[in-house]
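Results of the structural survey
Residue strings, one per chain:
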Amino acid sequence: MSDSIWRGFSAEMTADDALGRAVLDAHADILHEQLAGDPMLNMALPVELRALRRIDKWRVLLLLTPWMLARLLFPDEASEFEMPPGWSARERSSADYLVLGPKMRFDLLGQPQQAHLNYHPRLGHFLLQPICLDMKPYGNADAVFEAWNQVIRIRDENMEKAKRDCPLQKEISRRELFRRLKGSDEPV
């Protein structure tokens, strides 16, 4: 096995619950061994996993920690990503934890995506898409996920409005346009 190839999770983690447990354990260890005492942590927040699911050839989950809310992506098969210098499994095994590794580009469900390469000896290589890195404002896990749900609701509403208000679907008369610019009571 070449040192510069993607090292995925071990065979013991092919079951979703095993991968989920390993993600939680690895991030609990990061918290207690490498980040303990960091003033940017919000210790009111747990290390918690939600929404583990399969999408295309990936297992995707939301991970909440005292330092971030992020989407983690684990390919089911060894990835064909080219490892940047310093990111082989051997090099990262003894390196300090980095939240955001090098940026990687990939496709998911036919859509271009970006994420940051990450590595943990127990998890292998994986990709991380940060959702929130300022966790101080949140009093508990439910508050974090409610804020994220609100973002999703607004995004979905805006996408729906964009379809409804497409310039090809709705005409705006010259009079209506100028009325908005001048004020609704002034004649055009």
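1. Topic: the sheet that holds strand β2 (residues 58-65)
As summarised here, the arrangement of the 6 strands in space is β1-β2-β3-β6-β5-β4, forming an open sheet in which the pairing is antiparallel. The open sheet is flanked by β1 (48-55) and β4 (103-108), the only strands paired with a single partner. Across the sheet, the mean angle from the axis of one strand to that of its neighbour is 35°, orientation sign disregarded. Examined bridge by bridge, strand β5 (residues 111-120) and strand β6 (residues 124-132) share 5 bridges and lie antiparallel to one another.

2. Regarding helix α1 (residues 16-34)
The α-helix winds at 3.6 residues per turn, so residues separated by three or four positions along the chain end up facing the same way. With 19 residues, α1 should reach 27 Å at 1.5 Å per residue; the first-to-last C-alpha distance of 26 Å fits that figure. Summarising the contacts, the buried residues of α1 are in contact with β1, β2, β3 (68-75), β5 and β6.

3. Concerning the pairing of β4
Side-chain direction in a regular strand flips from residue to residue, so the side chains alternate between the two faces of the sheet. Here β4 shows a buried face lined by M104, F106 and L108 and an unburied face lined by K103, R105 and D107. Note: β4 against β5, 6 bridges, orientation antiparallel. The residue bridging K103 from the neighbouring strand is H116, located in β5. Counted along the chain from β4 to the antiparallel partner β5, the turn is 2 residues long, and its residue L109 has a positive phi close to 55°.

4. Brief notes about the nonpolar core
Residues V23, L63, W67, M68, L72, F74 and L123 are the most contacted members of the largest nonpolar core, which totals 22 residues. Contributing elements (two or more residues each) for this core: α1, β2, β3 and β6. Ranked by residue count, the leading element in this core is α1, at 7 residues. Not counting the four nearest positions on each side in its chain, F74 is found in contact with F9, L19, V23, K57, W58, R59, L61, L123, H125 and F126. In this structure, W6, L73, M83 and A89 belong to the second largest nonpolar core, which totals 16 residues.

What counts as what
- Residues numbered from 1 in each chain as written.
- Predicted model: local features only at pLDDT ≥ 70, side-chain atom pairs only at ≥ 80, totals over all residues.
- Heavy atoms only, no water.
- Pairing = 2+ DSSP bridges.
- Helix = DSSP H or I, 4+ residues; strand = E, 2+ residues; numbered from the N terminus.
- Axes fitted to C-alpha atoms, helices over the stretch in contact; angles between N-to-C directions.
- Expected span 1.5 Å × (residues − 1).
- Contact = heavy atoms within 4.5 Å.
- Buried < 20%, exposed > 50% of the residue type's maximum accessible area, 1.4 Å probe, protein only.
- Core = buried A, V, L, I, M, F, W, Y, C linked by side-chain atoms within 4.5 Å.

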